[in-house]
Amino acid sequence: MFGVWAPGEEVSKLTYFGLYALQHRGQESAGIALSDGERILVYKDMGLVSQVFNEATLDSLRGHLAIGHCRYSTTGSPVWENAQPTFYTARDGGLALGHNGNLVNTPELAAMLPNERRGATTDTEILTGLLADNPGLSIEEAAMERLPQAQGAFSLVFMDETTLYAARDPQGIRPLVLGRLDSGWAVASETAALDIVGATLVREIEPGELLTIDERGVRSLRFAAAAPKGCLFEYVYLARPDTTIAGRNVNSARVEVGRRLAKQHPADADLVIPVPESGTPAAVGYADGSGIPFAQGLVKNSYVGRTFIQPSQSLRQLGIRLKLNPLRDVIEGKRLVVVDDSIVRGNTQRALVHMLRDAGAAEVHVRISSPPVLWPCYYGVDFATKAELIAGNLSTEEIRDSIGADSLAYIPLDELVAATEVPKNRLCRACFDGAYPIEVNEGARGKYLLEKACGTAAPLAAAPK
Ligand code: SF4
């Protein structure tokens, strides 16, 4: 998610490059909304940022402010209708919005929409309607009134014809940062996107804060008291290694996790190899902490997306085979420590151990740089239901047996937390320990709940399980 307010700049291209830097956060669809001060244009489609936009499209999008989004669906199917930015026309003009996160009180929020606005299929669409449709209120006033009503994870960028807005839920579950450009301002999900467009990091947008950015500069309002609970899984997997969250560089945190993993769970082995690329920093740390040499034993096809982000089980399994290929010369006859970032369903690791043995590995010791994922996430990661989470159903020894490894061990939760250098009480760890910082009503769970409610689940859903 990216936003820019910069008169005189090619804001469509800045947004494109910002989204390119954030492609790992969502690969199903991409879109840009842009305004020239008079009207908002939205261009979006299914696919990667590079598939959705070309030079001619970007050249045709002219203006001084823009927002962009690349989507990974956590509420609503991965279909064009649900792509972002969302757009609403209200009495006084338009509103476009991009959302990172997932709301947990969508049924109550949906009930607040006027009748003619009902039928939204995503939490984001509902929020857009609530912000846009407030006769007599400015967007800023509407946001101050409506945002406290939203519960769950929401890092937002939104815009009307003249103004860029950014807001972050009171827990600050998903990251959001403000950057300075020579001629304006940029807002991005991760600091790495600011680096890539040449913006200087100003600061994180605070939990519970609303920013308004226009020709008068940046104004800050607080719509709720901050109760920080940043997502721990950002440090494990979601964020880019060259991003900094809460002052801690993600790569450094991952390397430190690897060092701690080596101390906690040593292995008698010849080589440490990463599952590229998200397992690489922790493997570097494991090698450093254990003294076992580091090697690249798997070649990754960088053009295949992150496996668990794919929306259906069949694609997921195909993705694993497409994605990684072992280097036989490196691993043949070797006792391997294989470092990966997480085990969700166990399919990747099972296929991987099998591949490594086929390629001649003498032993395969799997080390995981996060604790077992035991609980679903309701705040913007589509992990699967508890029934699909392998650690929710099997013991570590049973998982080891299921994936065919010689040994298996995970970093303990407190060691992972220590590596982030963020106090434990300021982190959401719910997928690891079940302590959900924001209550989730039973009736608000389920990726397709809105589509089911309006009777569109069958045609819209790709392959809901
Ligand atoms: S449940 Fe896990 S993935 Fe979801 S926000 Fe909390 S730590 Fe992050």
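Here, the structure is the one placed above.
Reference entry: report on the structure contained in this document. Given the structure is predicted, the values throughout are model-derived calculations rather than measurements.

What counts and what doesn't
- Residues numbered from 1 in each chain as written.
- Predicted model: local features only at pLDDT ≥ 70, side-chain atom pairs only at ≥ 80, totals over all residues.
- Heavy atoms only, no water.
- Helix = DSSP H or I, 4+ residues; strand = E, 2+ residues; numbered from the N terminus.
- Rg over C-alpha atoms; globule rule 2.2 N^0.38 Å.
- Buried < 20%, exposed > 50% of the residue type's maximum accessible area, 1.4 Å probe, protein only.
- Lys, Arg positive; Asp, Glu negative; His and termini not counted.
- Charge placed at Lys NZ, Arg CZ, Asp CG, Glu CD.
- Pairing = 2+ DSSP bridges.
- Axes fitted to C-alpha atoms, helices over the stretch in contact; angles between N-to-C directions.
- Contact = heavy atoms within 4.5 Å.
- Salt bridge = Lys/Arg side-chain N within 4 Å of Asp/Glu carboxyl O.
- Near = heavy atom within 4 Å.
- Nonpolar A, V, L, I, M, F, W, Y, C, P; charged D, E, K, R; others polar.
- Phe/Tyr/Trp six-rings, centres within 6.5 Å; stacked < 30°, edge-to-face > 60°.
- Lys NZ or Arg CZ within 6 Å of the ring centre and 35° of its normal.
- Polar contact = N/O pair within 3.5 Å; in protein donor to acceptor, adjacent residues only side chain to side chain.
- Core = buried A, V, L, I, M, F, W, Y, C linked by side-chain atoms within 4.5 Å.
- Domains from an automatic or database assignment.

### Topic: the overall build of the protein
Part 1 of the argument: Scanning the protein for helices and strands turns up 19 helices and 23 strands.
Part 2 of the argument: For 465 residues, the compact-globule estimate of 2.2 N^0.38 gives 23 Å, and the C-alpha radius of gyration of the protein, at 22 Å, lies within 12% of that figure.
Part 3 of the argument: Counting every position in the protein, which comprises 465 residues, the buried fraction comes to 60%.
Part 4 of the argument: Both charge centroids of the protein, one from 45 positive and one from 55 negative side chains, sit 4 Å from each other.

### Details of the sheet that holds strand β10 (residues 184-188)
Part 1 of the argument: Across the sheet, 7 strands lie side by side as β3-β2-β4-β1-β10-β9-β11; this open sheet has antiparallel pairing. Each having just a single partner strand, β3 (40-46) and β11 (200-204) make up the two edges of the open sheet. Looking at each pair of strands side by side, their axes are set apart by 15° on average, direction ignored.
Part 2 of the argument: Two elements, strand β9 (residues 177-181) and β11, share 4 bridges in a ladder whose sense is antiparallel. From the neighbouring strand, Gly179 faces β11, where its bridge partner is Leu201.
Part 3 of the argument: Lying on the sheet, helix α1 (residues 11-21) is in contact with β1 (2-5), β2 (29-35), β4 (65-71) and β9; it crosses β4 at an angle near 25°.

### Brief notes about the pattern of salt bridges
Part 1 of the argument: The full count for this structure, using the stated rule, is 26 salt bridges.
Part 2 of the argument: Where Glu204 meets Arg168, a salt bridge forms, and the shortest distance between an N and an O atom there is 3.6 Å. Of this pair, Glu204 sits in strand β11 while Arg168 sits in strand β8 (residues 164-168), and the two are 36 residues apart along the sequence.
Part 3 of the argument: Note on Glu204: relative accessible area 27%, which makes it partly exposed.

### What about unusual backbone geometry?
Among all residues save glycine, negative phi is the norm, and among peptide bonds the norm is trans.
Part 1 of the argument: Between Gln84 and Pro85 the backbone carries a cis peptide bond, its omega angle lying at 5°.
Part 2 of the argument: For Pro85, the position within the fold is in the loop between β4 and β5 (86-90).
Part 3 of the argument: Despite not being glycine, Ala246 shows a phi value in the positive range, around 50°.
Part 4 of the argument: For Ala246, the position within the fold is in the loop between β15 (244-245) and β16 (248-249).

### Some thoughts on the site of the ligand
Part 1 of the argument: As a matter of local geometry, the ligand sits amid Ile173, Arg174, Cys231, Leu232, Phe233, Cys377, Tyr379, Val381, Phe383, Cys428, Ala430 and Cys431.
Part 2 of the argument: Of the residues that constitute the shell around the ligand, the class distribution is 11 nonpolar, no polar and 1 charged.

### Some remarks on the sheet that holds strand β12 (residues 209-214)
Part 1 of the argument: The strand order β5-β6-β7-β8-β12-β13 describes an open sheet built from 6 strands, whose pairing is antiparallel. The two strands at the open ends of the sheet, each matched to only one other strand, are β5 and β13 (217-222). Neighbouring strand axes in the sheet, compared pairwise and without regard to direction, differ in orientation by 20° on average.
Part 2 of the argument: Pairing analysis gives 4 bridges linking β8 to β12, with the strands arranged antiparallel. In the strand pairing of β12, Ala166 is matched with Leu211.
Part 3 of the argument: Helix α5 (residues 123-132) contacts β5, β6 (93-103) and β7 (152-159) of the sheet and is inclined by roughly 140° relative to β6.

### Side note on the packing of aromatic side chains
Note on aromatic pairs: each is described by the distance of the centres and the angle between the planes.
Part 1 of the argument: By the definition in use, this model includes 10 aromatic pairs.
Part 2 of the argument: Taken together, a centroid distance of 6.3 Å and an interplanar angle of 80° make the contact between Tyr16 and Phe53 edge-to-face. Here Phe53 lies in the loop between α2 (49-52) and α3 (55-60) and Tyr16 lies in helix α1, a separation of 37 residues in the sequence. The burial state of Tyr16 is the same as that of Phe53; both residues are buried.
Part 3 of the argument: A ring pair is formed by Tyr43 and Phe53, whose centres lie 5.6 Å apart and whose planes are at 45°; its orientation type is tilted. Taken together, the residues Tyr43 in strand β3 and Phe53 in the loop between α2 and α3 connect sequence positions 10 residues apart.
Part 4 of the argument: Relative accessible area serves as the criterion here: at 3%, Phe53 is assigned to the buried category.
Part 5 of the argument: A cation over an aromatic ring shows up here: Arg180 above the ring of Trp185, its NZ or CZ 4.0 Å from the ring centre.

### Considering the side chain of Asn347
Part 1 of the argument: Mapped onto the fold, Asn347 is located in helix α13 (residues 347-358).
Part 2 of the argument: Looking at Asn347, its side chain comes within polar contact range of the side chain of Arg350, at 3.2 Å.

### What to know about the pairing of β5
Part 1 of the argument: Residue alternation in β5 divides its side chains into a buried set, Thr86, Tyr88 and Ala90, and an unburied set, Phe87 and Thr89.
Part 2 of the argument: One ladder, built from 5 bridges, connects β5 with β6; its direction is antiparallel. In the sheet register, Thr86 faces β6, and the bridge partner there is Leu97.

### Section: the pairing of strand β22 (residues 407-410)
Part 1 of the argument: Residues Ser407 and Ala409 line one face of β22 and the alternating positions Leu408 and Tyr410 line the opposite face, and both faces are buried.
Part 2 of the argument: As paired strands, strand β21 (residues 363-368) and β22 are joined by 4 bridges and run parallel to one another. Within β22, the position partnered with Val366 by the bridge is Leu408.

### Description of the environment of Arg118
Part 1 of the argument: Topologically, Arg118 is positioned in the loop between α4 (106-112) and α5.
Part 2 of the argument: For Arg118, the residues in contact, after removing those within four places along its chain, are Ala110, Ala111 and Leu113.

### Quick look at the nonpolar core
Part 1 of the argument: Counting residues in hydrophobic clusters, the biggest one holds 50 residues, and the most contacted among them are Tyr379 and Phe383.
Part 2 of the argument: Contributions of two or more residues to this core are made by α8 (233-238), α9 (250-264), α10 (280-290), β20 (335-340), α16 (413-420), β23 (427-428) and α17 (430-433).
Part 3 of the argument: Taken together, domain 1 (2-229) and domain 2 (251-421) each give at least three residues to this core, which thus spans both.

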